[in-house]
Amino acid sequence: MTGHNVSHYPWGPPDVCGPGLILPLVDERLWNLKFRATLYFLALLYCFIGVAIVTDVFMSAIEMITSKTRKVYLSKLAKGKKQNGSYNAVEDGPQPETNLKEDEPEVIEVRVWNDTVANLTLMALGTSAPEILISVVEIVGHHFESGKLGPGTIVGSAAFNLLIITSVCMLALPAGDIRRIQRFKVFFVTLLFSFFAYIWLLIILRFISPNVVELWEAAVTMILFPVLTIFAFFADKGWCGLGMIRPGRSKRQLELGPMKDERVGSKAQECASEFFREGKLDRENLVKFVKEVKKYPGLTDEDAAVLAAAKMVNAQHHTAMWYRIGAVRSISGGRRMEPVLNDKLKQVYEIMNSHPETPTVGEAPPLPDLDTHSVIEFHAATVAVRENIGKFNVTLWRHGNLEPQVRVRVETIDGTARRGEDYVALREIVTFEPGEKEKQVTVEIIDDNKWEPNEEFFLRLTLINVRKQPIKLGRISIMEVTIIDDDKPGVLSFAKRGFVVKESAGVVQIPVRRNCGADGDISVKYRTIDKSAISGRDYKGGEGEITFKNREVERILEIPIIDDMDPEKDECFEIELFDPSGGARIGNINRVAVTITNDDDFNTVMDRLMVLTNTNLDAVRIHTETWGEQIKTAMTVNGGDIPNATAFDYVMHFLSFFWKVFFALIPPPGIFGGWLCFFVSLFGIGILSAIIGDLATIFGCLVGLDDTITAITVVALFTALPDLLASRLVTIYEKFADGALIHITGSIAVNVLMGVGMPWFVAAGYHSYHDSQFKVPAGALGFSVLLFSIAFVLAVALLLIRRRLPAFGLAEIGGPKIGRVASVVFLVTLWILYILFTCLQISGVIKADF
C-alpha cells in the first residue's frame, strides 16, 4: 500500500520497496532482504491474530446491540379458555399454560432486530470489517487514488469463502449427514445480489466508463447494499411473493422469528430444548432436569449445575457470529463460549444427547417396552481390580425381550488411568444370541511395577444399528474400573447412615459398598423396615438380594418412592443388610434410614442450584460488563478457567497476550448498550488494517509478488480463517445450512458493495470536487472479477444440483461420501484455477483485454 509521499533519506539510495502509510518505522535499507521478508511475514501473521481478537470485541458489541428486546403486551381474548385455574390466549396453535388472571395481559419479550437484517448489516459488517477497512485505508493512503490490495482482498476473500469454506463445511459432516437450506428465498436474494454486485463491477470498469469510476456509479454500488437488506427482509417476512409463512404460526412467532424446532437440529439441541425452552432458566425446568441427572450415580449438585448450564447454551439458536467469536477464542486461549465438562460429565452429556430415550439418565422404560426391546447394561456401576491381575472379565446382562439377536459396542475411556500405560484399550462388539442373558468381555490391566495411587478408567456401552435392532441401554451404561491392590472378599455396608429424598423424586438410590477386598462373587440380602413411612403407601419395600460379581465394589439399591401429592410431614423407613454369602462380612453401617421430605424442604437446595447454574452461564457469556472483568479475563488463560486449559491454550494465550490485554482497554460492551465498544473497536480494526496493508504490500514487494496476488492469497486467506472455523462449527451443530451458506453469500455481497462501493464513492466524490477523474484500471481487477463470476456461477449450479439430486443427499451440504468428495474436489479445483489464471494474467502469460 505504497503512498505517493515517498520518504526522502538524508543519505544513500532509495529503499528497494517504497514506504506505506505507516511503515517502515525505521531505516531498513541495509537489512538483509530475506530477513526483512521473514520479519514482515511474521509481523503480518501476528497482526492477523490482533485483528481477529479486536474483531471478536467488535462482534461482542454487535451481539449486545442485536440482543436488545422490547416488551409486547398480548391482551386476553374474550374467548380465552381456562385450564386448571389458568387462562390461555387462543392463538393459531396450542400454547403453554401461562398462570394469568382473567383480563390480565400477557407480557412477552421480542427481539428489536430482525435476524435477517442483523445478519446482513451489523453481523456481516463485523465479519467483513477487516477486508472493508483495508480497502478504505488504502484509498486514503493513496490520496484517493485506486490501489490493488483492497479490491484484490475483497475478490480473493469472496472466492475463498464460497469455494474453500463451503468445501470445509461439506467435509465437517460425517458421511450421510446433511444440512439443507431452510430459508431458501433469503438465500436466493443474497445469491442474486452477490452475483449482480460483481457483474456491476465489470460493467462500470469495462463498459459504461472504461477504467474510470464516476460518482453516480460508486453511489449506485453503495445504494445496492440497503436495497439488498430490504429485499432480504421482504423474503424473510414473506412479502411481495418472496416468501410464505407456514400455516398455523402464531402472531407471537411472527415477532420472534422462526420457531425453535425449525432452527435447532443437533441431538444436543433437541435434548436440551426438552428441558430449557429457548435457553431460559426457570425453577420448574431446573428441578425436572436435576431429577433426571441425579439418576446417574455419583453426580453432585455442582455437576448438575454445570450440565444444566451446558444444556441451556445448547438449547439456544446460535448465529454464525456466535460461532465465529467462539472460534477466535478457541485459537487464542480465550474465554470459552460454553461450560467445560470433565471426562465423566462428557460421557453423561453424550449419552443424554445421543440416547435421550434410554434410562441411563431418566425414568426406567415402561413395562410394555420390555416386551419388544432388549435392555443391555453392565452388571455393576463400579469394579475394583488389583494392578497385577492381568486380565479379568466384566459382565454385561440383558433383560426385557430376549428373543432377537442384538449387538452392542464396549469401549474404554481414559480417566486418571491412561490407555497404553495402565490398561489395554478395548473396543469390542458384543453379540447376544437369542435367549442369552449374560455376556462377558475381557479387560487387561498393565502392571508397571511402580507405586501409584488408585486410578480409574471407564467402560462405555454404545448402541450400534439402533434402527435395525430393538435395543436400549440400561441405567448402568458406563462402568468405572478402579485399579487397587486387594485380595479379600470384602466387607459390605451402606455408604452412610441416612439419606434424604424428595417425595416427588420417584426413586431413592442407596449405594451398597464392598470395602477391604473385591475378590470373588458374593451376595447380601436386604429388607425394608417400616417406621413412619409405610411400604405400599409411601414407598415400595420388601426383601431382596444384591449380588456382587468378582471385582465389583459398589451396587446401587433402588427403592421406589410413591408421590401421593398430599402435603404431609417428613416420613422415614429403614433398610437393613443381612445374611452375606461368599465369605463376605457385614460392616458397621448395616442399616440406613431414608427420610422422605415434602417439596418445600427442598427449596434451599434448588435455590443453590439456581445460583450455581447462573454462575456457570455468566462464566461463558459473550460480553463483559466492566473494565476490571474484561482486563482480568484477558490476562488469564481461558478467561480464568485454568484447570481446563490445555498446552495449546497456554501457547496461544502467550502469543496473543499483548493483543488481548491491549484491546481489553476498549470500553466493555455493557456500557451504553454496546455502541461505544462498537465504534472504538471499529477504529481499532481500522488502525490494524492500515498496518496489515503496509505489511502485505512491503512483504509482497520483498518477495516479488504483485499486490493483487498478495491480496487474493495471503491476506484473503488469513482474514477469512475465523469465518472458516465458525462456518465449520455452525454446520456441525445447527440443523440447517442457513448459518453457513447465507452468511457466506451475504458476506460476499456486503464485501463488494461496502468494501468497494464506500471507498470508491469517497474517492469519486473527492475527484469530482477537484474536477478530475477517479481512474481505476480494469486490468488485473477486471480479469479477477470475471474469473470469480464464472466460478460463482459454477459453484452455485453445483449447490442447486445437490439440492435436487438424491445422489448428493438432496441437500447443499453433506450427503453420501462419493457425492460429497466429488463436490469438494470440484470446488477446490475452481479455487485453484481462479488463483492460477489470475497469477498468469498478472505475469503477462495470459493476454486479456482488460
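To start, this report covers the structure provided alongside it. Since the structure is predicted, the reported quantities are computational estimates derived from the model, not experimental observations.

Comments concerning the environment of Ile842
Here is step 1: Looking at the element boundaries, Ile842 is found in helix α22 (residues 817–843).
Here is step 2: With relative accessibility at 24%, the residue Ile842 sits in the partly exposed group.
Here is step 3: Counting along the chain gives 59 residues from Ile842 to Phe783, while the straight-line C-alpha distance between them is 9.3 Å.
Here is step 4: Sequence-distant contacts of Ile842, defined by excluding residues within four places in its chain, comprise Asp706, Thr708, Ile709 and Ala780.

Quick word on unusual backbone geometry
It is generally the case that most residues other than glycine have a negative phi and that most peptide bonds are trans.
Here is step 1: Here the bond from Leu23 into Pro24 is cis, since omega is 0°, no more than 30 degrees from zero.
Here is step 2: Following the sequence through the fold, Pro24 ends up in the segment before α1 (33–66).
Here is step 3: Positive phi, close to 65°, is recorded for Asn211, a residue that is not glycine.
Here is step 4: For Asn211, the location among the structural elements is in the loop between α4 (184–208) and α5 (215–237).
Here is step 5: One non-glycine residue, Asp579, lies in positive phi territory at about 55°.

Focus: the sheet that holds strand β11 (residues 438–444)
Here is step 1: With mixed pairing, the four strands of this open sheet are ordered in space as β11-β8-β6-β13. In this open sheet, the two edge strands, each paired with only one partner strand, are β11 and β13 (471–473). Here the strands of the sheet are splayed against their neighbours by 30° on average, with no regard to which way each runs.
Here is step 2: Across three bridges, the pairing between strand β6 (residues 374–378) and β13 is parallel. Across the sheet, residue Ile376 finds its bridge partner in β13, namely Leu473.

Re the packing of helix α2 (residues 115–141) against α5
Here is step 1: Two elements in contact, α2 and α5, have axes separated by 9 Å at closest approach and are oriented at 160°. By the criterion of interaxial angle, the relationship of α2 to α5 is roughly antiparallel. In the packing of α2 onto α5, the handedness of the crossing is right-handed. Counted together, Thr116, Val117, Leu120 and Thr121 of α2 and Phe225, Leu228, Thr229, Ala232, Phe233 and Asp236 of α5 form the full contact between these two elements.

What about the environment of Leu787?
Here is step 1: By the secondary structure assignment, Leu787 is in helix α21 (residues 779–804).
Here is step 2: The class for Leu787 is buried, based on a relative accessible area of 16%.
Here is step 3: For the pair Leu787 and Leu830, spaced 43 residues apart in the sequence, the C-alpha separation amounts to 9.5 Å.
Here is step 4: Look past the residues within four positions of Leu787 in its chain and what remains in contact with it is Tyr834, Phe837 and Thr838.

Concerning the nonpolar core
Here is step 1: Membership of the largest hydrophobic core comes to 123 residues, with the highest contact counts inside it found for Tyr198, Trp760 and Phe788.
Here is step 2: Tallying contributions element by element places α1 first for this core, with 14 residues.
Here is step 3: With near-sequence residues (within four places) excluded, Tyr198 lies in contact with Ile154, Val155, Ala158, Ile748, Val752, Val785, Phe788 and Ser789.
Here is step 4: Phe392, Phe432, Leu461 and Met479 belong to the second-largest nonpolar core, a separate cluster that totals 30 residues.

Describing the pattern of salt bridges
Here is step 1: Tallied over the full model, the rule gives 22 salt bridges.
Here is step 2: The salt bridge involving Glu812 is made with Arg803; its shortest N-O contact spans 2.6 Å.
Here is step 3: A residue is classified by how much of its surface remains accessible, and Arg803, at 11% relative accessible area, is buried.
Here is step 4: Linked by salt bridges that have partners in common, Arg527, Glu574, Glu576 and Arg591 make up one network.

Some remarks on the state of the cysteines
Here is step 1: Counted by the stated rule, this structure contains one disulfide.
Here is step 2: Between the sulfur of Cys17 and that of Cys701 lies a disulfide, 1.9 Å long from S to S. Between Cys17 and Cys701, the S-S torsion sits near -95°, and that sign places the bridge as left-handed. In this pair, Cys17 sits in the segment before α1 while Cys701 sits in helix α17 (residues 675–703), placing the two residues 684 residues apart along the sequence.

Reading guide: rules and limits
Residues numbered from 1 in each chain as written. Predicted model: local features only at pLDDT ≥ 70, side-chain atom pairs only at ≥ 80, totals over all residues. Heavy atoms only, no water. Helix = DSSP H or I, 4+ residues; strand = E, 2+ residues; numbered from the N terminus. Buried < 20%, exposed > 50% of the residue type's maximum accessible area, 1.4 Å probe, protein only. Contact = heavy atoms within 4.5 Å. Pairing = 2+ DSSP bridges. Axes fitted to C-alpha atoms, helices over the stretch in contact; angles between N-to-C directions. Parallel < 35°, antiparallel > 145°, perpendicular 65-115°, else oblique. Left-handed = near helix turned anticlockwise from the far one by under 90°. Core = buried A, V, L, I, M, F, W, Y, C linked by side-chain atoms within 4.5 Å. Salt bridge = Lys/Arg side-chain N within 4 Å of Asp/Glu carboxyl O. Disulfide = S-S within 2.5 Å.

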